[in-house]
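Coordinate analysis (summary)
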Amino acid sequence: MLFAALLAVLPALAQAGSTISGHATVYYDLTNSLCGNNDPFPSNWAETSGINSGIPYCEFHASPGQSLAQLGTNRIVAVNATAMNLDAASLCGKQVSIKDASGNEFSFSEGPLFIWDACDAARTVPIVDLSAKAFSELKGNTCSGNNPTGLTISIEDNNIWQPISKRDEKPRVRSRHFAQLD
Ligand SMILES: *[C@@H]1O[C@H](CO)[C@@H](O)[C@H](O)[C@H]1NC(C)=O
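None of the values given here were measured: they were computed from a predicted structure.

**So, the overall build of the chain**
When its secondary structure is counted, the chain shows five helices and six strands. Going residue by residue from the N terminus, the α and β elements of the chain occur as α-β-α-α-β-α-β-β-β-α-β. Looking at the chain as a whole, 35% of its 182 residues qualify as buried. The long-range fraction of contacts in the chain, counting pairs at least 24 apart against all pairs at least 6 apart in sequence, stands at 71%.

Here it is as structure tokens:
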């Protein structure tokens, strides 16, 4: 009964204004210095795995799309790939806010986090996937231990970056990404 009631009040993280209870994971590291030394990953994990040179989902309409390293920000997060497939136009660029298990709002040192990527694991598990810098700050400047759980993860209504739309499908200048609204 409790489970059913929770499902009813916690909509899937699929649209602006939605909130879920979930946990955070880490998937890239532009500093190339965090979460390595087997804490928990081997050194240079984000370079040797190729993830830093991966092109995030929201570069879909860009030609050429830029990699995480080229975009150069640790503020990108990845959310539910099913929801992204359904409605990337409205999700890309939206601010994501996170409250920790105690209800304290997480304030990232580099500014608000925003959606620019899709996470496959988050199709079925309530996850927000972060940069190593954001992940370690969220955990109190460490990567060790478990993924932080009990988070309140919200997609806000405001855009930090503007989504790249189909009509933008042409070579773009890098500055387009930095037309930040905040
Ligand atoms: C991911 O999004 C889809 C589509 O909105 C939704 O059906 C699914 O429940 C979501 N998954 C999670 C873990 O919230």
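**Looking at helix 4 (residues 81–91)**
Residues three or four positions apart in an α-helix share a direction because the helix packs 3.6 residues into each turn. Those residues of helix 4 lying buried are Ala83, Met84, Ala88 and Leu91. Relative to the axis of helix 4, the buried residues are bounded by an arc of 130° and lie together on one face. Across helix 4 from its buried face, at more than 90 degrees, point the exposed residues Asn85 and Asp87. Contact partners of the buried residues in helix 4: strand 2 (76–80), strand 3 (94–99), strand 4 (113–119) and strand 6 (151–159).

**Side note on the pairing of strand 1 (residues 19–28)**
In the sheet, strand 1 pairs with strand 6 via four bridges, with the strands oriented antiparallel. Across the sheet, the residue bridging to threonine 19 is serine 154, located in strand 6. Here strand 1 runs beside strand 5 (residues 127–131); their pairing, made up of five bridges, is parallel. When the bridges of strand 5 are listed, alanine 24 appears paired with valine 128.

**Some remarks on the pairing of strand 6**
Pairing between strand 3 and strand 6: five bridges, direction antiparallel. Note on strand 6: the bridge partner recorded for serine 97 is serine 154.

**Things to note about the nonpolar core**
Val77, Val79, Val96, Phe114, Ile115 and Val128 are the most contacted members of the largest nonpolar core, which has 44 residues in total. Per-element tally for this core: the top contributor is strand 4, with six residues.

**Some words on unusual backbone geometry**
Of the consecutive residues aspartate 39 and proline 40, the connecting peptide bond is found in the cis state with omega at 0°. Residue placement: proline 40 occurs in the loop between strand 1 and helix 2 (45–48). The phi angle at asparagine 32 is positive, at roughly 50°, despite the residue not being glycine. Of note, asparagine 32 is situated in the loop between strand 1 and helix 2. Even without a glycine there, the phi angle at asparagine 38 is positive, about 60°. For asparagine 38, the position within the fold is in the loop between strand 1 and helix 2.

**Observations concerning the environment of aspartate 120**
Relative to the helices and strands, aspartate 120 resides in the loop between strand 4 and strand 5. On a C-alpha basis, the gap between aspartate 120 and alanine 78 in space is 9.0 Å, while along the polypeptide they are 42 residues apart.

**Comments concerning the confidence of the model for the chain**
Close inspection of predicted coordinates is inappropriate in any region flagged by low pLDDT. Across the chain, pLDDT averages 87, with 84% of residues at or above 70. Note on residues 1–11: pLDDT under 50 across the span, and three contacts to partners over four residues away in sequence or across chains. Across residues 170–182, confidence stays below pLDDT 50; counting only partners more than four residues off in sequence or on other chains, it has 13 contacts.

**Structural notes on the environment of glycine 150**
Take glycine 150: it is sitting in the loop between helix 5 (132–138) and strand 6. Residue class for glycine 150 comes out exposed when judged on the 12 C-beta atoms lying within 10 Å of it.

**Remarks on the environment of glycine 17**
Considering the arrangement of structural elements, one finds glycine 17 in the loop between helix 1 (2–9) and strand 1. Remark: the alpha-carbon pair of glycine 17 and asparagine 158, spanning 141 residues in sequence, is separated by 9.4 Å. When sequence neighbours within four positions are dropped, the list of residues in contact with glycine 17 reads Ile155 and Asp157.

Analysis parameters
- Residues numbered from 1 in each chain as written.
- Predicted model: local features only at pLDDT ≥ 70, side-chain atom pairs only at ≥ 80, totals over all residues.
- Helix = DSSP H or I, 4+ residues; strand = E, 2+ residues; numbered from the N terminus.
- Buried ≥ 20, exposed ≤ 12 C-beta atoms within 10 Å, placed from the backbone.
- Contact = placed C-beta atoms within 7 Å.
- Arc of directions from axis to C-beta.
- Pairing = 2+ DSSP bridges.
- Core = buried A, V, L, I, M, F, W, Y, C linked by C-beta atoms within 7 Å.
- pLDDT = per-residue confidence, 0-100.

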